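Summary of the model geometry
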Amino acid sequence: MAEPVENLLERNSHGLYCAAGGFYVDPWNPVDCAVITHAHADHVVPGSKAYLCVRPCTPLLRLRLGAEAAIESVDYGETIERNGVRVSFHPAGHILGSAQVRIEHRGETFVVSGDYKLAPDPTCPAFEPVRCHTFVTESTFGLPVFRWPVPAEVLGEMNEWWRANQQAGKASVLFAYPLGKAQRVLAGIDPSIGPIYTHGAVEQFNRIYRDSGVALPPTAYARSAPTKTDWTRALILAPPMAKASPWLRRFGDFSTGLASGWMRIRGTRRRQSIDRGFVLSDHADWPALLAAVRASQARTVWVTHGYRAPLARWLAENGSDAHAIETRYEESAAVEAVEAEP
Amino acid sequence: MKAFADLYAALDATTKTNEKIAAMSQYFRSAPSEDIAWAVHFLIGRRPKRLIPTRDLVEWAIQEAEMPDWMFGECYQAVGDLAETIALLLPAANASSQKPLRYWVEERLLPMRDWDDRARRNSMIEAWREMSERQRFAWNKLITGEFRVGVSQNLVVRALAEASGVEANVLAHRLMGDWQPTAGFAAQILAQETADADVSRPYPFCLAYPLEGEVEELGDVRAWQIEWKWDGIRSQLIRRAWRTFLWSRGEELMTDRFPELAAAGALLPEGTVLDGEVLPWKDGAPLPFTQMQRRIGRKELGTKILAEVPVVLVAFDLLEHGGRDVREQPLDWRRAELERILGALGEESHLVASPIVGGASWEDLKRTRGQARERGVEGFMLKRRGSIYRVGRRRGDWWKWKINPYSVDAVLIYAQPGNGRRASLFTDYTFGVWDGGELVPFAKAYSGLTDEEIRQVDAFVRNNTIEKFGPVRRVKPELVFELAFEAIQRSSRHRSGIAVRFPRMARWRTDKTAEQADSLETIRALLPREP
Ligand SMILES: [Zn+2]
């Protein structure tokens, strides 16, 4: 009988490491073999010798890593072996090509969630619960104050805001994380209201989404628009980092909005000095985190990046063997995420 | 409650003044009078005496949310606002109250005063269950009293003016003094008839900005009336219907605390309102303000303290004359009448006309300004001749030209223990100033208070801690201090965008409420011009 593997996965100075398989999941330093959950910058570090990801993630990873990187990919649900360790990818519902990584060896299974959400999103397949012994969950919004409104309602508010701006003769500048959030907004907003323009950072990902078969309404690159463009009817999608940039001046009089889970908190909303905050997140809210943990049926839970200590304590007090695991994702995620929320 | 909660959300959602005014004016146009009275009451920062201890409110909220105590702490730290934390943490709302604000305040909030804990708890939990999330938030704000939404009295007045067509000057006057938020009062506020009845009501104070740039930019010195800037309690002395009222700028009725001035009021002609500074005064000169604090602190004023620290009103303006509002008369006219009235009273009247300072040129005045410190004043007030008496803080007609150091009124927001001898006391403070409805940290200061004052502040910190981070306590924003500093410059390293040199506590402004502390905007005006 095979011995139970205590340390199928461990956290070392480069990231979450599977010694038996000889690979890391989302390492924060270059390594020999990196298994990637999704293509957000805080989960992908360039310089590793080989990358493994799920098929729809490939073009996004390629954009980040360049033509030279060695990227291997498999389909959702397909199993690949590394030194006898079975690895497979399962939809995480976070962004295009996002996956939970299932790792199995000698009867022991780990699932590393990466980032995930349970709310519907037409741009990627829905989160799929995977049973496991140990579930490694994110906790970006791991406090009970984070409870998302229904996305369709939030998109409805965006439509209303856009229309109201048109009537007031103002352009609508909506800041959204350029990979994932921007495309989710595009797929959900009502394109019959007016023309949609994009910042270059958003447009590069739109192209990949469209090439991957995700239906998005037509968009135009704002920088190539003729000088006499009437912006007052337009929605302009831009990354949050463009907020303080002179790039915005071309739009004349405009109203600003920001789509992020952080907009749930009044203080963060006010500090952003934007006109409207829309509570729309690609991460699980508190009820969804608890639901995902429950659905995994895991006896052990590792809580990574975000509010890991409170979520781990909560789970422990409610009967799970839960531990807060320090990772590096939060350095860009939790602290700076007020801006970005990758 | 729905309309009011929506108003709160609308005010909260924008930083633009005109949008805030539009939201309020729309509310004032459509809400019933009894709701308007309460809305104005809360919007201008008044609040009922604390009805429910914060501890109880939190306790009930976590019971209703089925959360452990520690989780509330985690959430509060992330959210930073008690009313909001509770609103976000309660179980998802599935109701919305159609009942008016008046009902919620008069029939649900105020009666809690007389109920026992159990009844209050049940009533509070029921209230939350009847409300939407937005309503819960506004309701919690009413209870915790941190009703900050970036709205000044001035903005409320402008919105009321827009909604009613009554002139802003008149409205501002009607909102002063001691009124009750009743339907009758609301009707009175919005009445087109402007012969107002309340005999005690003061006028809104005209406030000065610190001088920006060089004094020469103000043009010909002869166009300006120059007075000393006194360091006292800004007040209006009112004589109407054979009664005397003394109001502070903090809208506190202080008549009983200054019997000398209550008596002096009786000497004034019927229908007179003077604007000036109450100062401790002996032998024709001011005493240090710390002497005044000795007096303010007391409940009973014995003959000894009255003899040791007598006060006068150094009057510099006349707002009402013969029962007529004379604020629209030119400054020179008001000054002449003021001198005529005070001249008729004796030396012992405790009413002194603030002397006019002569100077043939700005250069002259700069020399005279050097004497400010020894005279116990803060510098000069520059008032444009011919100007009217305006409402609130406006640029253009009144400037304060302070001697260095600069000074700013700021609110104590964090405290931590000192070192060595002072390690057992909270002696190191962080002060905040207003920015769009919230207090942003502005400066740290350790020195300037007497030992007795330090003990008092220490006790306040211990009893009013909202949050602890290691040794640092976040305290209820309530105490106001005048901070003095030597230099001011822009800084990207500070959240306020401003760094000051050698900040210290010049004095404890017990006469000011947190709402009256300075704003970042006012302080930015002190910054040197950008090159
Ligand atoms: Zn992500």
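Residues numbered from 1 in each chain as written. Chains lettered and ligands numbered in written order. Predicted model: local features only at pLDDT ≥ 70, side-chain atom pairs only at ≥ 80, totals over all residues. Heavy atoms only, no water.

**Some words on the overall build of chain A**
We apply this condition: Only runs of H or I of at least four residues qualify as helices and only runs of E of at least two qualify as strands under DSSP, and these elements are numbered from the N terminus. Exposure classes here rest on a 1.4 Å probe applied to the protein chains alone. A residue is buried below 20% of its type maximum, exposed above 50%, and partly exposed in between. Contacts are assigned to residue pairs that have any heavy atoms within 4.5 Å of one another. In this description, accessible areas are obtained by the Shrake-Rupley approach with a 1.4 Å probe, and a residue is regarded as covered only by the protein chains that are shown.
In terms of regular secondary structure, chain A is built from 8 helices and 19 strands. Each of the 342 residues in chain A was classed as buried or not, and the buried ones make up 60%. A separation of at least 24 residues holds for 61% of the contacts in chain A among residues at least 6 apart in sequence. Summing over all exposed atoms, chain A offers an accessible surface of approximately 13200 Å²; the carbon and sulfur share of this is 50%.

**Observations regarding the environment of Leu425 of chain B**
All names here are of chain B. You can see Leu425 is positioned in the loop between β14 (406-417) and β15 (426-435). Given the relative accessible area of 22%, Leu425 is considered partly exposed. Separated by 32 residues in the primary sequence, Leu425 and Val457 place their C-alpha atoms 9.1 Å from one another. When sequence neighbours within four positions are dropped, the list of residues in contact with Leu425 reads Gln416, Pro417, Gly418, Ile454, Asp458 and Arg462.

**Things to note about the confidence of the model for chain A**
All names here are of chain A. Short version of the rule: The predictor attaches a confidence to each residue, and that confidence, scored 0 to 100, is pLDDT.
Counting all residues, the mean pLDDT for chain A is 90, and 94% of those residues have values of 70 or more. Across residues 1-5 the pLDDT falls below 50, and counting only partners more than four positions away or on other chains, this stretch makes 5 contacts in the model. Below pLDDT 50 for its whole length, residues 331-342 participates in 37 contacts with residues either more than four positions away or in separate chains.

**Side note on the sheet that holds strand β4 (residues 33-35) of chain A**
All names here are of chain A. Here is the rule: Two strands qualify as a pair provided that DSSP identifies no fewer than 2 bridges between them. For helices, the fitted axis covers only the stretch in contact; all axes are lines through C-alpha atoms, and the angles between them, taken along N-to-C directions, range from 0 to 180 degrees.
One open sheet holds the 6 strands; their spatial order is β1-β2-β3-β4-β5-β6, and the pairing between them is mixed. Since the sheet does not close on itself, it has two edges, and those belong to β1 (10-12) and β6 (71-74), each with one partner. When strand polarity is set aside, the average angle formed by the axes of neighbouring strands in this sheet is 35°. The pairing of strand β5 (residues 50-54) with β6 spans 4 bridges and is classified as parallel. Directly across from Val54, in β6, lies its bridge partner Val74.

**Topic: the interface of chain A and chain B**
Heads up, the rule is: Two parts placed together each lose some accessible area under a 1.4 Å probe, and the buried area is that loss summed for both. In the sections that follow, a salt bridge refers to a side-chain nitrogen of Lys or Arg positioned within 4 Å of a carboxyl oxygen of Asp or Glu.
Every contact between the two is made by 19 residues of chain A and, on the other side, 30 residues of chain B. In total, about 2100 Å² of surface goes out of reach between chain A and chain B, with carbon and sulfur atoms giving 50% of it. Considering only the side of chain A, the residues that lose the most area to chain B are Arg147, Arg266 and Arg270 of chain A, jointly responsible for 30% of the buried surface there. Remark: the boundary between chain A and chain B carries 7 salt bridges. We note a salt bridge from Glu133 of chain B to Arg147 of chain A, for which the minimum N-O separation is 3.9 Å.

**Observations regarding the coordination of the zinc ion**
Residues and elements named next belong to chain A. Our working rule: Note: metal donors comprise N, O and S atoms at 2.8 Å or less from the metal (3.2 Å for Na, K and Ca); water molecules are not included, so apparent gaps in a site are possible. Metal sites are grouped by the angles between bound donors: all angles between 85 and 135 degrees with four donors is tetrahedral, opposite donors over 155 degrees apart with the others between 65 and 115 is square planar for four donors and octahedral for six, and any other pattern is irregular.
Within the protein, His38 (NE2), His40 (ND1), His94 (NE2) and Asp115 (OD) serve as the donor atoms for the zinc ion, at 2.2 Å. One can describe the site at the zinc ion as irregular: its 4 donor atoms subtend angles covering 89 to 167° at the metal. Note on His94: relative accessible area 0%, which makes it buried. The buried category is assigned to Asp115, whose relative accessible area is 1%.

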